[in-house]
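Architecture and fold: a report
Residue-level listing of the chains:
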Amino acid sequence: GVYVQLAKRWLYGVVDIDMFAGPSEVVIIADETARPEFVAIDMLAQAEHDPEASVVAVVEGSELAERTLSLLASAEPARREIVARALASRGAVLWVSELKAALPFARDYAAEHLLVATRDPMGWLGELRHAGTVFLGEAASVAFGDYLTGANHVLPTAGLARSFSGLSSNDFVRWTTWQHVTPEAARRM
């Protein structure tokens, strides 16, 4: 949340921090086999996190896009005001005629959460390098990662997944390199 980010900014340089992150974001790649209800539900689940949350679906074909948009418009989520603000400011349903066109977008966006709801989600794994965490298959809801599946929940946002991974124990290890040159080696160099 915003308070955690402000505290990190205040302490940055005083103590080591993991990364600046937030607000929450999801990119969903869905082919014609995806159920629009699942796409819309995952979008709504992330939109309710924060009015600044970013929720984007890149879907194959205009029919899936229209059905997803219709479901989003008719939804009545519990956190209605927050969801509405997130969808209005940073929400989108984009459609492509061929799903491979979603790859450059997903790579450039480098989202915190990336859901692949396709016929063969495992077939995409080698193509999806820039994401905080990848959810494979329509049933692998991002909400499960938020609350149940035990995956890391401190993830890069705002495109930082192009350069950073999620928080791990390596982030708390500090090492120093050392170099030793003997007089013989120094003469040869």
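As a convention, each chain's residues are numbered from 1 in the sequence order in which they are written. At least 70 in pLDDT is required for a residue's local features to be given in this predicted model, at least 80 for side-chain atom pairs to be given and counted, and no such filter applies to totals for whole chains, interfaces and linings, which use all residues. Side-chain numbers come from the whole structure's heavy atoms, not from hydrogens or water.

Once that is clear, we can look at the packing of aromatic side chains. Ring pairs (aromatic) are described by centroid distance and by the angle formed between their planes. Aromatic pairs are defined between Phe, Tyr and Trp rings, using the six-membered ring for Trp, whenever the two ring centres lie within 6.5 Å; interplanar angles under 30 degrees are classed as stacked, those over 60 as edge-to-face, and all others as tilted. What the rule picks out here adds up to 1 aromatic pair. When the centroid spacing of 5.5 Å and the interplanar angle of 40° are considered together, the rings of F105 and Y109 count as tilted. Residue F105 and its partner Y109 are both found in helix α5 (residues 102–109); the two are separated by 4 residues, about one turn of the helix. For F105, a relative accessible area of 28% corresponds to the partly exposed category. Any Lys NZ or Arg CZ found within 6 Å of a ring centre and within 35 degrees of that ring's normal is scored as a charge over the ring. Against the face of F38 rests R35, its NZ or CZ located 4.0 Å from the ring centre. Residue placement shows K100 over the ring face of W124; its charged tip is 5.4 Å from the ring centre. Under the scheme used here, helices are H or I runs from DSSP no shorter than 4 residues and strands are E runs no shorter than 2 residues, and both carry numbers assigned from the N terminus. Each residue gets one of three labels from its accessible area relative to the maximum for its type: buried under 20%, exposed over 50%, partly exposed in between, using a 1.4 Å probe on protein chains only.

Attention now goes to the sheet that holds strand β1 (residues 25–30). Here we have 5 strands laid out as an open sheet, ordered β3-β2-β1-β4-β5, and parallel in their pairing. The sheet terminates laterally at β3 (91–96) and β5 (133–136), the two strands that pair on one side only. With strand direction ignored, the average angle separating the axes of adjacent strands in the sheet is 15°. Relative to β3, strand β2 (residues 54–60) runs parallel, the two being bridged by 6 bridges. Its bridge partner being in β3, V58 is matched across the sheet by L94. Note on contacts: a residue pair qualifies if any of its non-hydrogen atoms lie within 4.5 Å across the two residues. Angles here are taken between N-to-C directions and fall from 0 to 180 degrees, while the axes themselves are lines fitted to C-alpha atoms, restricted in helices to the stretch in contact. Along the sheet, helix α3 (residues 62–74) contacts β1, β2 and β3; its crossing angle with β3, the most-contacted strand, is approximately 160°. Two strands are said to pair when DSSP picks up at least two bridges between them.

Locating E112 in the fold gives a position in the loop between α5 and β4 (113–117). Charged residues are defined here as Lys and Arg on the positive side and Asp and Glu on the negative side; His and the ends of the chain fall outside this count. Here, a salt bridge means any Lys or Arg side-chain nitrogen found within 4 Å of an Asp or Glu carboxyl oxygen. No salt bridge is formed by the buried E112. Its closest oppositely charged neighbour is R90, at 9.2 Å. There is a polar contact of 2.9 Å between the side chain of E112 and the backbone nitrogen of E25. The definition of a polar contact used here is a pair of N or O atoms within 3.5 Å, where within protein one atom must be able to donate a hydrogen and the other to accept one, and adjacent residues in sequence count solely through side-chain atom pairs.

Right, let's get into α5. A102, L103 and A106 are the residues of α5 that are buried. For α5, the angular spread of the buried residues around the axis is 100°, confining them to a single face. Those residues of α5 that are buried lie in contact with β1, β2 and β4. Phi turns positive, to about 50°, at A110, one or two residues after α5. What the arc describes is the spread of directions from the helix axis to the C-beta atoms.

In short, geometric facts, not functional conclusions.
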